[in-house]
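Residue-level structure breakdown
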Amino acid sequence: MSTKVTRRQIAAGIMAGTAALAQTPVPPTPQTPEDELKAIQTQLRANFETLRKVDVPQSTEPAFIFRP
Amino acid sequence: MAHVPDDVYFQTIPELNQRLKDREFNAVELARAFATRLETVGPRYNALALSLHQQAIKAAKDVVDEMKRERYRGPLQGIPFGAKDLLSYKGQPTAWGARPYAGQVFDYTATVLNKLAKTGSLLIGKLAMVELAGGPSYRYASASITGPGLNPWDRTRWSGGSSSGSGIAVAAGLVSFALGSETSGSILTPSAFCGVTGLRPTYGLVSRYGAMPLSWTMDKIGPLCRTADDCGHVLQVIAGADHDDPGSAGKSFYYTPEYSRKMQELKVGFAAIDFEEWVEPSAKPDFVKALDVIRGMGLQLTPAKLPDFPYGPMVNTIISSEGSSVFEKLIASGEVNQLADQKQIAGLKAGLEIPAKDYLKAMRIRAIMQQAFRDLFGEIDVLVTPTRLGPAPKISQPLDRPASDRPRPSDRGLTQLIPAANLAGLPGLSLPCGFAEGMPIAISLVGNPFSENTLLSIGREFQKVTDWHQRHPPVES
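Predicted model only: the values in this text are computed from it and were never measured.

**A look at the overall build of chain A**
Helix and strand content of chain A: two helices and zero strands. Taking all 68 residues of chain A together, 25% fall into the buried category. As displayed, chain A offers around 5,400 Å² of accessible surface, 58% of which is attributable to carbon and sulfur atoms.

Written out as structure tokens, the structure reads:
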């Protein structure tokens, strides 16, 4: 008998890892356009790492629908 | 020619419409009064992008003829309004708040403006906005071709954005109502900071055709008004299916205040920590009183928690990916460097580097998150939280820095409701609820998809027992 995991179960079990807000220090304001770009690239990479930790069932489709 | 008294500038839509029917003044006189005020006063607050005075007078003449024949089209007939300058108006500049698009002219008009025109409401001007509706992010209030939106309550403070001109114009009585847009906060924030009532509709309820896209899966057009009731009247007109909008939900909206559920039947979820620890100390007294008012209305208040998802990373990934794709030509051409805000420029450039797998991951988590919200709203009807945690910041303050050095509570309560609700496509209503440091503050109600009538019914009842929505800043003509 196969056990089908429901979306509700996955939603209840997801550990987003953000439950406790850390008192993270605020980075300094970038001074040049190059620094600005690097800061945002760093933030985006941090975002990707956070999203990668979220376990998503293989059957989950993205939240958009193609209509012919 | 009838004199238009000054009290018109802060009246509700039905009040103004009745005065037109009573022939105290006519639509041309009213439009002229508002349009002149918008032209004269709007620039003081950097609220005006483009005056449409002449066009409005021309349209108003038709309204005068119709009303003389008692051909009435509804409460918006003859009512002057403004529209965020991301909505196209045929033959006139639509600059999106951004220097690279300053001379842009479309040969078609946005669906929402066509719908309003059919009811006889009168577009008197395009209103200022943060460039590109805020893009992925921006650092300063000056991120606009028109300069920072100056709050009409205190010009040293920001109006909020990205619908900055819309919030200012309604608060200062320069228009009877305004259209804004929200991807993540851009209707509710200026509504809260300027002390007006703002409604973010369910995603897909209002056509986006003719509106600048920032994030195809998150953009919504909605009204900023003097009251929740006014928001209902405007939404009924602008909502509805549109084949020209791929994201259209195919649904209409009928504003039905006469069929409101009893307040005692409604369950309202809240997080005490929002009102006790998250809000700025100066704002806490009026936020706590607002919660007491809600309790006193008979609503069943019950503790609630947001489903646990990484809302910040999700919303940043999605808006950055979609927004940078929208503006790919702007970025590739180098014209992106003409924008006013360095963080905005960098964010658009960096967005083009986001791998497809990370965008898709965010969108897949979003699907699970939507189900989690459906489960949450199986238990409650509405969530309530402070729209913003304190009053509007100073113009010079970087917007990506915390307002103060106060330590943050470890429990985030419902403070992530703006990104969460926008990711889930949920409607939200911001209601003025008090003052802090002499500046307006507001609470937000968020409900299930297409529950706008429920939100508006609570908003109406709240505004029957409070008068925050009737306050307005002293503005000299």
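And the narrative resumes.
**So, the overall build of chain B**
Along the backbone of chain B there are 15 helices and 13 strands. At 21 Å, chain B has a C-alpha radius of gyration in line with the 23 Å of a compact globule built from 477 residues. With the C-alpha coordinates aligned to their principal axes, the bounding extent of chain B is approximately 60 × 55 × 45 Å. By the burial criterion, 64% of the 477 residues in chain B qualify as buried.

**Observations regarding the interface of chain A and chain B**
In this complex, chain A contributes 39 residues to the contact, which on the side of chain B involves 45 residues. Both sides of the chain A and chain B interface together cover about 3,600 Å² of buried area, and 61% of this is carbon and sulfur. Counting the contacts that link chain A with chain B gives two salt bridges. Glu36 of chain A is the salt-bridge partner of Arg139 of chain B, the closest N and O atoms lying 2.7 Å from each other. Here chain A and chain B share eleven residue pairs in polar contact (both at pLDDT 80 or more) between them. Looking at the side of chain A that touches chain B, the elements that each hand over two or more residues are helix H1 (7-13) and helix H2 (33-52) of chain A. In the side of chain A that touches chain B, the residues fall into 24 nonpolar, nine polar and six charged.

**Looking at the pattern of salt bridges**
Side chains that differ in charge, positive against negative, can pair when their charged atoms come close. Residues and elements named next belong to chain B. Per the counting criterion, the structure on display carries 24 salt bridges over all chains. The residue Asp286 makes a salt bridge to Lys289 at a minimum N-O spacing of 3.7 Å. Residue Asp286 and its partner Lys289 are both found in helix H9 (residues 284-296); the two are separated by three residues, about one turn of the helix.

**As for the pairing of strand E2 (residues 80-84) of chain B**
All names here are of chain B. Within E2, five of the five residues are buried, which leaves the element mostly enclosed by the surrounding structure. Judged by which residues are buried, E2 turns out to be covered on both faces: Pro80, Gly82 and Lys84 on one side and Phe81 and Ala83 on the other are all buried. Inspection of the sheet shows E2 paired to strand E3 (residues 122-127) by five bridges, in the parallel sense. Looking across to E3, one finds that Lys84 is bridged to Leu127. Taken together, the three bridges between E2 and strand E6 (residues 177-182) define a ladder with parallel strand orientation. When the bridges of E6 are listed, Gly82 appears paired with Ala178.

**Let's talk about the packing of helix H13 (residues 356-379) of chain B against helix H14 (residues 417-424) of chain B**
All names here are of chain B. Viewed as axis vectors pointing N to C, H13 and H14 meet at an angle of 100°, and their least axial separation amounts to 9 Å. When the axis of H13 is compared with that of H14, the two are roughly perpendicular. Of the residues in H14, those touching H13 at Arg366, Met369, Gln370 and Phe373 are Ala420, Asn422, Leu423 and Ala424. Looking at the contact of H13 with H14, its residues break down into five nonpolar, two polar and one charged.

**What to know about the sheet that holds strand E13 (residues 439-447) of chain B**
Residue and element names in this part refer to chain B. Strand order in the open sheet formed by eleven strands is E1-E3-E2-E6-E8-E7-E12-E13-E11-E9-E10, and the pairing between neighbours is mixed. Only two strands of the sheet have a single neighbouring strand rather than two, namely strand E1 (48-51) and strand E10 (300-303). Put simply, the sheet's adjacent strands are angled 30° from each other on average, direction ignored. Sitting on the sheet, helix H4 (residues 111-118) is in contact with E2, E3, E6 and strand E8 (220-225), with an inclination near 160° to E6. Of the strands in this sheet, E2, E3, E6 and E8 are in contact with helix H5 (residues 164-171), which crosses E6 at around 155°.

**Quick notes on the packing of aromatic side chains**
Residues and elements named next belong to chain B. Evaluated as defined, the whole model comprises 15 aromatic pairs over all chains. Between Trp96 and Phe327 the ring centres are 6.2 Å apart and the planes differ by 75°, which places this aromatic pair in the edge-to-face class. Placement of Trp96 in the loop between E2 and H4 and of Phe327 in the loop between helix H10 (311-326) and helix H11 (328-333) is noted, with a sequence separation of 231 residues between them. Across the pair, exposure class does not vary: Trp96 and Phe327 are buried alike. Pairing Tyr138 with Trp158 gives two aromatic rings, centres 6.2 Å apart and planes at 75°, and the pair type is edge-to-face.

**Concerning the confidence of the model for chain A**
Within chain A, residue pLDDT values average 75, and 63% of them lie at 70 or more. When the criterion is pLDDT under 50, residues 12-22 of chain A qualifies, and its contacts beyond four places in sequence or with other chains add up to 20 contacts.

The rules behind the values
- Residues numbered from 1 in each chain as written.
- Chains lettered and ligands numbered in written order.
- Predicted model: local features only at pLDDT ≥ 70, side-chain atom pairs only at ≥ 80, totals over all residues.
- Heavy atoms only, no water.
- Helix = DSSP H or I, 4+ residues; strand = E, 2+ residues; numbered from the N terminus.
- Buried < 20%, exposed > 50% of the residue type's maximum accessible area, 1.4 Å probe, protein only.
- Areas by Shrake-Rupley, 256 points an atom, 1.4 Å probe, with all protein chains shown as cover.
- Rg over C-alpha atoms; globule rule 2.2 N^0.38 Å.
- Contact = heavy atoms within 4.5 Å.
- Buried area = accessible area lost by both parts, 1.4 Å probe.
- Salt bridge = Lys/Arg side-chain N within 4 Å of Asp/Glu carboxyl O.
- Polar contact = N/O pair within 3.5 Å; in protein donor to acceptor, adjacent residues only side chain to side chain.
- Nonpolar A, V, L, I, M, F, W, Y, C, P; charged D, E, K, R; others polar.
- Pairing = 2+ DSSP bridges.
- Axes fitted to C-alpha atoms, helices over the stretch in contact; angles between N-to-C directions.
- Parallel < 35°, antiparallel > 145°, perpendicular 65-115°, else oblique.
- Phe/Tyr/Trp six-rings, centres within 6.5 Å; stacked < 30°, edge-to-face > 60°.
- pLDDT = per-residue confidence, 0-100.

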